[in-house]
Amino acid sequence: FSHADGINFHGFVQDAIVDDTYIQNTGDDIFAVWGSDFDTRGIVFQNSVAVDAGRAWQNHYGSCAAVYGAKEATFRNLSCFAPDQNTHDCYDGSNRGATCNGCLGIIKATFRADYSDSIFTFTGNKFYKLKRTERSGHQIYDFTNPQKIGRPEVCNQEWTRGGLHIDQDAKV
């Protein structure tokens, strides 16, 4: 268990790659960029698996991928296994709980985020419904025959000032 993000590039970070990684049961987002208004760019998360974002806090918060300000980031070939979207008691209740596994990736306008000249790429990602049971207080995951979840790949209901470009192939 992590009671925070799985991996979070925070501040002025450039040219960082996360490749071939498996992260599960975080307390918040799994793959995150928190660049605020810095010139954060060249961030790549690829060929990785994200399972049960927000589990440590009973899914009151968490997404497979999240951006809190940056100039450029790529999310490529990620497999995200997400629980049911928490629409009833998500800690960020705006937008029907989009930040509680409502999308594979979320773009947030908080923490001084500035997207006035930003580009984010989401390509080759898969978004699956998490199948799990609990035994003796332990989560037992079933990854056989994954089923698409039917939720958006990217949610951006907050940034409205223009300049943000999101490229996605939407094959989730």
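Our subject is the structure listed above.
Residues numbered from 1 in each chain as written. Predicted model: local features only at pLDDT ≥ 70, side-chain atom pairs only at ≥ 80, totals over all residues. Heavy atoms only, no water.

J.: Would you take a moment to explain the side chain of Asn86 for this structure?
T.: Along the chain, the position of Asn86 falls in the loop between strand E7 (72–82) and strand E8 (105–107). Other than its neighbours up to four places away in sequence, Asn86 contacts Gln58, Asn59, His60, Arg96, Gly97 and Cys100. (Helix = DSSP H or I, 4+ residues; strand = E, 2+ residues; numbered from the N terminus. Contact = heavy atoms within 4.5 Å.)

J.: Quick question: what am I supposed to make of the pattern of salt bridges here?
T.: Side-chain pairs of opposite charge can arise where the charged atoms are in close proximity. Summed over all chains, the structure comprises six salt bridges. Residue Arg41 is joined to Asp39 by a salt bridge in which the shortest nitrogen-to-oxygen separation is 2.6 Å. The shortest N-O distance in the salt bridge between Lys108 and Glu158 comes to 2.5 Å. Linking Lys108 in the loop between E8 and strand E9 (118–123) with Glu158 in the loop between strand E13 (154–155) and strand E14 (164–168), this pair joins segments that are 50 residues apart in sequence. (Salt bridge = Lys/Arg side-chain N within 4 Å of Asp/Glu carboxyl O.)

J.: Before we go on, may I ask you to explain the sheet that holds E13 in this structure?
T.: Adjacent strands of a sheet pair through backbone hydrogen bonds, lying either parallel or antiparallel. Taken together, the five strands give an open sheet; going across it, the order is E1-E4-E6-E8-E13, and neighbouring strands pair in parallel fashion. Because the sheet does not close on itself, it has two edges, and the strands there are strand E1 (7–10) and E13. Bridge analysis of strand E6 (residues 65–67) against E8 gives three bridges, and the strand direction is parallel. If you follow Ala66 over to E8, its bridge partner there is Ile106. (Pairing = 2+ DSSP bridges.)

J.: Would you explain the side chain of Asn25 in this entry?
T.: Within the fold, Asn25 resides in the loop between strand E3 (22–24) and strand E4 (31–34). When its relative accessible area of 11% is taken as the criterion, Asn25 is described as buried. In terms of polar contacts, Asn25 uses its side chain to reach the side chain of Tyr141, at 2.5 Å. (Buried < 20%, exposed > 50% of the residue type's maximum accessible area, 1.4 Å probe, protein only. Polar contact = N/O pair within 3.5 Å; in protein donor to acceptor, adjacent residues only side chain to side chain.)

J.: In this structure, what is going on with the nonpolar core? I would like to understand it.
T.: The tendency in soluble globular proteins is for nonpolar side chains to be buried side by side. With 32 residues, the main nonpolar core has Phe31, Ile43, Phe45, Phe75, Tyr115 and Phe120 as its most contacted residues. Going through the elements one at a time, strand E2 (14–19), E4, strand E5 (41–51), E6, E7 and E9 are the ones with two or more residues in this core. The biggest single contributor to this core is E7, with five residues. Judged by nonpolar contacts, the second largest core, of seven residues, contains Tyr61, Ala66, Tyr68 and Cys155. (Core = buried A, V, L, I, M, F, W, Y, C linked by side-chain atoms within 4.5 Å.)

J.: Looking at this model, I keep getting lost on the environment of Arg161. Mind explaining?
T.: Mapped onto the elements, Arg161 comes out in the loop between E13 and E14. For the pair Arg161 and Leu130, spaced 31 residues apart in sequence, the C-alpha separation works out to 35 Å. What Arg161 contacts, discounting residues up to four positions off in sequence, is Ala113 and Asp114.

J.: Just checking my understanding: could you explain the packing of aromatic side chains for this structure?
T.: For any pair of aromatic rings, the description consists of the separation of the ring centres together with the inter-plane angle of the planes. Taken as a whole and assessed by the stated rule, the structure comprises 11 aromatic pairs. Pairing Trp34 with Phe111 gives two aromatic rings, centres 4.6 Å apart and planes at 55 degrees, and the pair type is tilted. Here the residue Trp34 occupies a position in strand E4, and Phe111 occupies one in the loop between E8 and E9, the gap between them amounting to 77 residues. Owing to a relative accessible area of 25%, Trp34 belongs among the partly exposed residues under this scheme. Ring plane angle 65 degrees and centroid distance 5.7 Å describe the contact between Tyr68 and Phe111, whose orientation is recorded as edge-to-face. With Tyr68 in the loop between E6 and E7 and Phe111 in the loop between E8 and E9, this residue pair connects regions lying 43 residues apart in the sequence. With relative accessibility at 46%, the residue Phe111 sits in the partly exposed group. Feature note: the residues Phe9, Phe31, Phe45, Phe75 and Phe122 constitute an aromatic cluster, connected by ring pairs. (Phe/Tyr/Trp six-rings, centres within 6.5 Å; stacked < 30°, edge-to-face > 60°.)

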